[in-house]
Amino acid sequence: MALSTADSRRPLVAASATRVFARGGYHGTTIAAVAEDARISPAYVFKLFPSKEKLFVAALERCFDEIMESVAVAAGADASADQSPDGVLYAMGGAYAELIADRTLLMLQVHAQSVAEIPEIGEALRTGLGALTRFVKTRSGAADNDVQRFIAYGQLCHLIVTLGLESVPDEWARTLAHGIRHP
C-alpha cells in the first residue's frame, strides 16, 4: 500500500522542525518558520501536526531515532573490535560525539530540556532517554553504574560543547573537559 501524501510529508516536516527548533528553541520558533524550511504552507504543517507541541515532539522523536541508530551501529559486531561492556560503551560514545558534531541534535535536546515542563515534551524526552538507556544497558551488558556514567558523560559533553569549554583556558574548564570526547 502506498503512503498518502501526508504520510510521506510527515518525516520531511519533522526533519525541518528538527533544524528550525534546534536553531530557535521551542519558544523562539514559529510554525511559519518550520513551514518555510519545509517549503510548505503553515496550514499544511498544522494539518500534519495539529499543535506546536506535537511538531516539537515529532522533531524530538526523530532526534532520538537518529541517536539510537547511531549507537546501535557503533555497538554492532563489526563496528567495535572490543565487544566488552567498556568497549561497546566507548564505541557508542564515539558515535554519539560524531553525531552531534553539527550541533543540531545536541541543541534540540538542550531546548527540549529547557521546556520539559510542557507535558507532551517532557514525556517525549523521558521516553527517548528511557529507550536509549535501556538499549545501552542491554546491548553493552554494562552494570547500572557504568550506564549511568555513560549517560552522565553525554550530558557533560553537551555542556562542554554548548559553552565552548574546550577553548576556555581556565583550570576549572580543563577539569570538566578532561578525557571527554566531544565534537
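Use the structure listed above.
Residues numbered from 1 in each chain as written. Predicted model: local features only at pLDDT ≥ 70, side-chain atom pairs only at ≥ 80, totals over all residues. Heavy atoms only, no water.

**Details of the overall build of the chain**
Test applied: Runs of H or I in DSSP of at least four residues are treated as helices and runs of E of at least two as strands, each being numbered from the N terminus. Taken over C-alpha atoms, the radius of gyration is set against a globule rule of 2.2 Å times the number of residues to the power 0.38. For the exposure calls, accessible area comes from a 1.4 Å probe over protein chains only, and a residue counts as buried if that area is under 20% of its type's maximum, exposed if over 50%, partly exposed in between. To be clear on the numbers: accessible area is Shrake-Rupley with a 1.4 Å probe, and residue cover counts the displayed protein chains and nothing else.
Broken down by element type, the chain carries nine helices and zero strands. Listed N to C, the secondary structure of the chain is α-α-α-α-α-α-α-α-α in terms of helices and strands. At 18 Å, the chain has a C-alpha radius of gyration in line with the 16 Å of a compact globule built from 183 residues. The dimensions of the chain, computed from C-alpha atoms along their principal axes, are 50 × 45 × 25 Å. Taking all 183 residues of the chain together, the buried fraction comes to 44%. Carbon and sulfur atoms make up 58% of the accessible area of the chain, which amounts to about 9800 Å² in all.

**Concerning the nonpolar core**
Rules: Here, nonpolar core means buried Ala, Val, Leu, Ile, Met, Phe, Trp, Tyr and Cys residues that are tied together by side-chain atoms lying within 4.5 Å of each other. Any two residues whose heavy atoms approach within 4.5 Å at even a single point are treated as in contact.
Core analysis: the biggest nonpolar cluster contains 56 residues, and Val13, Phe21, Leu55, Met92, Leu108 and Ile121 have the highest contact counts within it. Counting residues per element, this core draws most heavily on helix α4 (residues 52–75), which supplies 11 residues. Once residues lying within four places of it in the same chain are set aside, the contact partners of Leu55 are Val13, Ala17, Phe21, Ile31, Val34, Val45 and Phe49.

**Description of the side chain of His111**
For clarity, the threshold we go by: Two N or O atoms form a polar contact when they lie within 3.5 Å of each other; inside protein one atom must be a possible hydrogen donor and the other a possible acceptor, and for residues adjacent in sequence the pair counts only when both atoms belong to side chains.
Examined against the element boundaries, His111 turns out to sit in helix α6 (residues 104–114). On the basis of relative accessible area, His111 is assigned to the buried category, the value being 17%. Polar contacts involving the side chain of His111 include one to the main-chain carbonyl oxygen of Ala22, which spans 3.2 Å.

Coordinates in, geometry out; function isn't part of it.
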